[in-house]
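# Summary of structural features
Read off the chains here:
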Amino acid sequence: MSDSANQLVEVLNEARGQFLSSASTSDLKLFAKCSSNAEFLAEVSKLEAISSQKRRGTKIFKQIKRFSDGLEQYFKVIELVISSHPEYAAIGWGIFRMVLQLAGNYVVFFEKLAKVIEQVAIVLPQYEEVIKILGTTPSERLKSSLCQVYVDLLQFFQAVSQVFTKQDGKIKRTPAVIGAIFWKPFDIRFNDLLERLKFHQGVLKDEIIIHGYHIARDEREKDAEERRKAEDARETSRRAHILSQDIRDSQVKEGLDQKLQHMKKWLGPPDFMENYENAQALMEDDTAHWLFDTPEFLQWASFDSNSPLSPTAKHLDHRALWIRGNPGRGKTIMASSAISELQSEEAGAEVAKQSVLYFFFSQSHSGKSDQTSALRAIMAQILQQNRKTSTIIDAILFAIDEESGGQLTASKSELIELLQICLATLQSPRIVLDAIDECDDNADLVKTLLRICHTSTTKLLLFSRPNVASLCRVFRNQCYVDMSRSMVESDITTLISRRLQDLLDEDMIPSRSSPETLVAHLVKGADGMFLWARLMLTYLNSQALTPSQRLHCITSVNLPEGLERVYERILALIDQGGSAQKEFARKVFLWLSHAREPLTARALHEAISASMRTLDDSGFANFDQTVVISCGGLVEARVVGGDSRKLYQFIHLSVQEFFLLNAQTATYNQNGRIFQGILPARQESHFEMAKACLFYLTFRVPAGPLSGSTGMRSNNHLLSQTFALLAYASRYWIYHLHEMSTNCSESGFVLASQTIFTELQYHEIANSLESFLKTPAIVTAWIEALYTFGYRVRFDYDKLFQWCDWTRKTWPGLSGAEADTSCCRDATELCSTLKRLDNEWQETLEKEPGAIWGQISAFASSKFLVGNNDTLFTSLVPEPDPSKRGSSELCKSALSTISETSSTGTETAVLSVWPTRYFETLWRDLTPSDSCERLREACRDWVLRYEVWSIQQSATKYICKLSMKLEGTEIWLLLRQSLRHDMMNTWKMQIPLSISEDIKSFSALRTVYRISENPNVPGEWLARSAILPLDSHPYSHHNWSDDRKGFGPCLNTQIPLSFQWATHTLYEYRLVLAPQAQYAAVVEPSTPSNIAIYEIEEQAEKLIVSEKNSIPCDQLVGRLPCIFHPYLPLVAFCTCFGISLWSFLSTRKALSNFSRFERMIFAKDEVPEISFSDCGKHLVLTLNHENGKGNIHPAVTYKRPGVLSLESDSAYISAYIESGGIESHQQRRNDMAETSLEHLSEDTSLSNIFTSNSGKLVRKNNVSVMKSSGTAQVLALQQEQKPGSIELQRYNSNSGVVEVLPLTKLPQWSNRDQVDITIRMPESGTDSAKIMLNTSCPRWTTFTDNSEMHFPAVIHRDPSAMQQAYIPKEGPYHFTGVGFKPDSESEADSESQGIEKNLFAGIITTSDPSQFRISSNRPKRKHSAIHSEEEDELLSGAWSK
């Protein structure tokens, strides 16, 4: 073995040994060598996280297999380069398997790990293919890269294993070969790994490039220079990589605070400290300590929980203690005392403090009544207490997966597994939970606690009422403490003694009274309930009582009293007050009892004012004092949150339970109790609250944009301060309206069969609703408020519908006609409007709620929305022909529709295919077990319709309308070629359609049509047609034969019916027309791909079609795999290897007539889209992921359109020569300049584009190049998917800036991503801009409901409205390099701005690696054009002319 090979072996041995030495003893027990990929996959498939979940497990297994297949190739190369060392592969497989076994216990995290592994698989270099090309003697640099990949993979495995490994207190030595200068979070280390693997990919590409230079015999003289440049480029990239790595390392510590804030935001904890602090404030000195002396607590505190609970255990042992007591026993106070005690233990106080975690459940707060809120709070405490602990930080960062559906906060399952992992790393963690009975999902909570004890040494201290069934099932007899009267009596005595002494000192009780006797009376009445004692003392402090009355009240207590008795005593005292005070208390109790969420003090103030139907809330001079005095101490104010909001709530949950129980009883039993007027019936309460909310929205909230003007987003905080009840009233008025129509039964709340309301009350609520609905501005402001405060309207549809139905059926004294008032009709119509808004505009309104005042009403017309005068939307979707009846009756909607806007921008053509209803019926009944022979008879009487619309005016009108029958034999042949049944159980087929840019020609299937006006009959149009002879083409003639088989059941009965379509070979083709329809390209995108060019000529009023040329090519990709040049005989197409040009009229040898710009490999989920600029000198490339994210892999990365120069390309020059030279070229350019927007001054703002370009068109991409100033500009139309909008954007190569002109918003219609956009500038100051939304031909077609079809369409927009939405330059934006040759005086300037001239095809790339980058110069493929000297002279001479 050579010295270099020995050195590589030493590096591998060191990396392997250091990884194994860093692993814990328990981890090494799981490690064992693995001989092969097959053995590895066999064992991985048995992991519980994969085997226990069929569908999800299969997906995870495929992700892991993709990575393992890449590893298998890599290890083969390792064995080849470093011979006789198979142990490196065996150890690698074993380490990988060990990591998966460690993660297998956490299902959600295992899925995340699988996604991470898949990301690594994408960037893992494919060495096996490189070795096949380069041979078995790779360079030293490639060998070094091989070993470094091994080191990087071990680093990755180590980082992952540390996330799932339990901490044993021992600090392991970090391997030097994979260590870091200081600790980094997992996500940064993982990104570093991906960057290094990408760097290794670059090494491989350089090796291929260098190898290519060696074998290019005709370019030997350039080899040394090219290799030096490639090495320099790589060295520059390497230095930049090292520099960026150093910068990144130096920023890790600075960014740690930002990471912590990001993690806290992801965890999303509620205000969990408030309850603890309030309980501490209420705790009397020298009380709440008896628990710590009980044997049960002492046993719990001393219990040795060094090992987790057995995984099979269904009961909790002494590591858990349940403190249980009836309502009012002081459990919350005791819980706060226990937390304080645990945090202040003498031994190891600091460690103890860091391991105490707590949460107080509360039914009075919606954010504190569920398990998820508790998990968020506990995880936030763990993060805060361990913010410098790498294992905790790594675990949380690993869990944050921002690309898994876009959820901004952690899910419940993520929190549970994350908590398990984090608790397993802490020493002696203790969790204190109070009021578990107030947890909505306490059964699931108890299961979670059991899971936590199965995986960690956590101790639990739980407080609740004794009737929690889930706790009873998991606790044994000796693991709980009952808060009996004897336990708490001493503390109650202390509390009462001190408060009574205060009353005696203030002469509020006669001085002759014996304090000991009075205390004895009250202690007996309390019967061990702190709450009773507190309420009684509050009652005795009432100013409405005389000293004698207080004394009598105390001495009358001779037996234990329940809480209900003291509540009745307080209500009786309120009932003795004045009518105004009693009515005020009634409304406070009503809102606090039945409100869906806690109300701030200001919101409660406004709610009571709205209940009294006053237009302001100035009627209460001191609202806080009025609440406390009027409600007899049953209501208290608490300050919550970081913004110090004051909330009113009942002093205890039992108070609300008392009110709700009596309110429900009052619904059916109006028995004249003394406080009946203070406790309204449940239905009546909701009736009053619904009226108050509607009154507030109608008369208190401004009927206009909440921000004060359109186009501005309102400030939520300021809005809440100004209109405190707005958020609640907006969200819940429908809920209260619905609840007034329901009764409580054993099965829950159901619609009442009769009503307790009078006819007068019906008219009250009906008038309130009508007042609200009759003014569109009020309803529009309400909808804006809903989305401003982050609410959704989806859950309100059914409730409002049900209320309308109940109103019509059950209201007494009204006939059916009277009950069906305009109120109910309007409410029903409002439901439809809300549903449509939520379905079509949810994303837009969530991002910009004020948009409801803008264009939305133009798309979602409704009498409830304020109209829009600057936008007019007109759909051009073809309508069915009502004249067709009988067996030839057509479908209600077209099977396929495409459209195109003319080159002048004044007309739009729509082409649609209409099968018969009979065919649609057979189609929908077809099953995978059927044969497509069933459809044969239904292939007749299909209609092809061609419509041309004039769109110059706001009112569109027909110019031309033609209907032609499609041949049944052609349809039948098409079905046999392309009918398929997909995985979604849907039938699909292809229908090739196209329209030329001059809209005078179109094609359907393989037939080309050309229209002309009948000279003898004005207004009548004629169509001539010709069929392309595709059946005679040598590449595909068998697909057009009568013997072509269609879809049918497979003979192999072992294949499921739903998959039998896979056994059927499909044939696809696309037909593309040139702009003037002088040529047609037939594209066969499937493998093997082929492009054939046909010439279309008119001879004696007939169309003659002849084949001009054809070429085989690599597999075609993209939505439009082939496009024609605007005026040259040139086509561009995308293959799986990049972009190609083909001068199809050239008589030279075929392979010399197309050239490849870049060998860019498109990923599977990337959809490349190419187009020529209007000037014809550039090719514009846009890449989009199928999931909507712009990206390209691996060499080109950008979000904006990339522009490639054509002027030095051989195929472009050849097409230029074939087109007739410079005179013909210039004439065609002049013809196009009349309507195309090519040149735009650098000083001209986009906001002025309408005034300076009258009648001009902007299509998908426009490019303007000013060579004299060295400036390149791109003007592009972009459709933003989330939320839907169309923007005009301009990028400048020199200044690196972006300008954005928003043109229009778009609803969330399902087919908007298939739209091609064109805008025509207004011709005069009063004219509108026209935005044409055309539909392109989809690859596959199926039947769609006509209501789901919205395009093609035209939008007329007021230019001034678009100018107001103009967004100034946002830069810097590093331009996506347009290729051109700058003048000599500007070369220095371009270099100073970081622009490097690409030696190939004149492409410019920026030196900033984070922006658009077409990787360095690459040799042409072996089979691409290599011109002779004569050809080079001819081409260069032609260009110089």
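Note that the structure is predicted; figures quoted are calculated from it, not measured. (Residues numbered from 1 in each chain as written. Predicted model: local features only at pLDDT ≥ 70, side-chain atom pairs only at ≥ 80, totals over all residues. Heavy atoms only, no water.)

## Topic: the overall build of the protein
Per the secondary structure count, the protein includes 47 helices and 41 strands. Within the span of the protein, comprising 1441 residues, buried residues form 56% of the whole. Carbon and sulfur atoms provide 49% of the accessible area of the protein, an area that totals close to 62,300 Å². (Helix = DSSP H or I, 4+ residues; strand = E, 2+ residues; numbered from the N terminus. Buried < 20%, exposed > 50% of the residue type's maximum accessible area, 1.4 Å probe, protein only. Areas by Shrake-Rupley, 256 points an atom, 1.4 Å probe, with all protein chains shown as cover.)

## Remarks on the packing of helix α6 (residues 87-103) against helix α9 (residues 140-164)
Where α6 meets α9, the closest approach of the two axes is 9 Å, and the angle between their N-to-C directions is 20 degrees. Classified by the interaxial angle, the pair formed by α6 and α9 is roughly parallel. Note that α6 runs across α9; the crossing there is left-handed. The residues of α9 that touch α6, namely those facing Y88, I91, G92, I95, F96, V99, L102 and A103, are Y150, L154, F157, V160, S161 and F164. By residue class, the composition of the contact of α6 with α9 is 12 nonpolar, two polar and no charged. (Axes fitted to C-alpha atoms, helices over the stretch in contact; angles between N-to-C directions. Parallel < 35°, antiparallel > 145°, perpendicular 65-115°, else oblique. Left-handed = near helix turned anticlockwise from the far one by under 90°. Contact = heavy atoms within 4.5 Å. Nonpolar A, V, L, I, M, F, W, Y, C, P; charged D, E, K, R; others polar.)

## Quick notes on the sheet that holds strand β20 (residues 1021-1027)
Spatial strand order, β17-β18-β19-β20: four strands in an open sheet with antiparallel pairing. Each having just a single partner strand, β17 (993-995) and β20 make up the two edges of the open sheet. Mean inter-strand twist for the sheet, computed between neighbouring axes without regard to direction, equals 20 degrees. Looking at chain direction, β17 and strand β18 (residues 1001-1004) are connected through three bridges and run antiparallel. Bridged to I995 within β18 is F1002. (Pairing = 2+ DSSP bridges.)

## Details of the pairing of strand β38 (residues 1329-1335)
Looking along a regular strand, one sees side chains alternate from face to face of the sheet. In terms of burial, β38 is largely enclosed, as seven of its seven residues are buried. Here β38 shows a buried face lined by A1329, I1331, L1333 and T1335 and a second buried face lined by K1330, M1332 and N1334. Two elements, strand β37 (residues 1315-1320) and β38, share six bridges in a ladder whose sense is antiparallel. Residue T1318 lies in a different strand from β38, and its bridge partner there is M1332. With five bridges joining them, β38 and strand β39 (residues 1353-1357) adopt antiparallel strand pairing. The residue bridging L1333 from the neighbouring strand is A1353, located in β39.

## A word on helix α15 (residues 331-343)
Counted at 1.5 Å a residue, the expected span for α15 with its 13 residues is 18 Å, and the 18 Å between its end C-alpha atoms agrees. Along α15, the residues classified as buried are K331, M334, A335, S336, S337, A338, I339 and L342. (Expected span 1.5 Å × (residues − 1).)

## Some points on unusual backbone geometry
The step from F1351 to P1352 runs through a cis peptide bond, and the omega angle for that step is 10 degrees. With respect to the helices and strands, the residue P1352 is situated in the loop between β38 and β39. With a phi angle near 60 degrees, D507 is a residue other than glycine that sits in the positive phi range. Considering the arrangement of structural elements, one finds D507 in the loop between α22 (485-505) and α23 (515-526). For D507, a relative accessible area of 59% translates into the label exposed. You will see that D527, though not glycine, has its phi angle at about 50 degrees, which is positive. Tracing the sequence through the fold places D527 in the loop between α23 and α24 (530-540).

## Topic: the environment of I1319
With respect to the secondary-structure elements, I1319 resides in strand β37. Relative accessible area serves as the criterion here: at 0%, I1319 is assigned to the buried category. In this structure, the C-alpha to C-alpha distance between I1319 and I1331, residues 12 residues apart in sequence, is 4.4 Å. Not counting the four nearest positions on each side in its chain, I1319 is found in contact with F1250, K1256, L1257, V1258, L1277, L1303, K1330, I1331 and M1332.

## Looking at a negative patch on the surface
The grouping of D502, D505, E506 and D507 at the surface amounts to a negative patch. Note on placement: D505 falls in helix α22. (Patch = residues over 30% accessible without salt bridge, like charges linked within 9 Å, V, L, I, M, F, W, Y side chains within 5 Å. Salt bridge = Lys/Arg side-chain N within 4 Å of Asp/Glu carboxyl O. Lys, Arg positive; Asp, Glu negative; His and termini not counted. Charge placed at Lys NZ, Arg CZ, Asp CG, Glu CD.)

## Considering the sheet that holds β38
In spatial order, the strands read β10-β39-β38-β37-β32; together these five strands make up an open sheet with antiparallel pairing. Edge positions in the open sheet fall to β10 (871-875) and β32 (1257-1258), since each of these has one partner strand only.

## Overview of the packing of aromatic side chains
Counting across every chain of the model gives 39 aromatic pairs. Between W322 and F475 the ring centres are 5.6 Å apart and the planes differ by 40 degrees, which places this aromatic pair in the tilted class. Of this pair, W322 sits in strand β1 (residues 320-324) while F475 sits in the loop between α21 (469-474) and β5 (480-482), placing them 153 residues apart in sequence. Of the two residues, W322 and F475, both sit in the buried class. Put simply, the rings of W841, F859, F873, W1309 and F1351 touch in pairs and so form one group of aromatic residues. (Phe/Tyr/Trp six-rings, centres within 6.5 Å; stacked < 30°, edge-to-face > 60°.)

## Things to note about the confidence of the model for the protein
Per-residue confidence for the protein gives a mean pLDDT of 75, with 74% of residues at or over 70. Low pLDDT, under 50, characterises residues 169-183; the predicted model gives this stretch 29 contacts beyond four residues in sequence or across chains. This model gives residues 1370-1441 a pLDDT under 50, and the stretch forms 144 contacts once residues within four places in sequence are excluded. (pLDDT = per-residue confidence, 0-100.)

## A word on the environment of D257
For D257, the location among the structural elements is in helix α12 (residues 256-267). For D257, a relative accessible area of 55% gives the class exposed. The spacing of D257 and R387 is 130 residues in sequence and 9.4 Å in space, taken between C-alpha atoms.

## Some points on the pattern of salt bridges
In this structure the tally under the stated criterion is 43 salt bridges. The partner of R97 in a salt bridge is E43, with the nearest N and O atoms 2.7 Å apart. Of this pair, R97 sits in helix α6 while E43 sits in helix α3 (residues 37-44); the two residues are 54 residues apart in sequence, bridging distant segments of the chain. With a relative accessible area of 5%, R97 lands in the buried category. Among the residues examined, E43 registers a relative accessible area of 29% and is labelled partly exposed. The network of salt bridges with shared partners includes E583, R586, K587, E684 and E688.

## Overview of helix α42 (residues 1210-1218)
Buried residues dominate α42, accounting for seven of its nine residues. A side-chain oxygen of the first residue of α42 lies 3.0 Å from the backbone nitrogen of A1211; this N-cap is D1209. Of the residues one or two after α42, G1220 is the one with positive phi, at around 115 degrees. (Polar contact = N/O pair within 3.5 Å; in protein donor to acceptor, adjacent residues only side chain to side chain.)

## Remarks on the packing of α3 against α6
Contact geometry for α3 and α6: axes closest at 10 Å, N-to-C directions at 10 degrees. Classified by the interaxial angle, the pair formed by α3 and α6 is roughly parallel. Mapping the contact onto sequence places N37, E39, F40, E43 and V44 in α3 and W93, F96, R97 and L100 in α6. The class makeup of the residues in the contact of α3 with α6 is five nonpolar, one polar and three charged.

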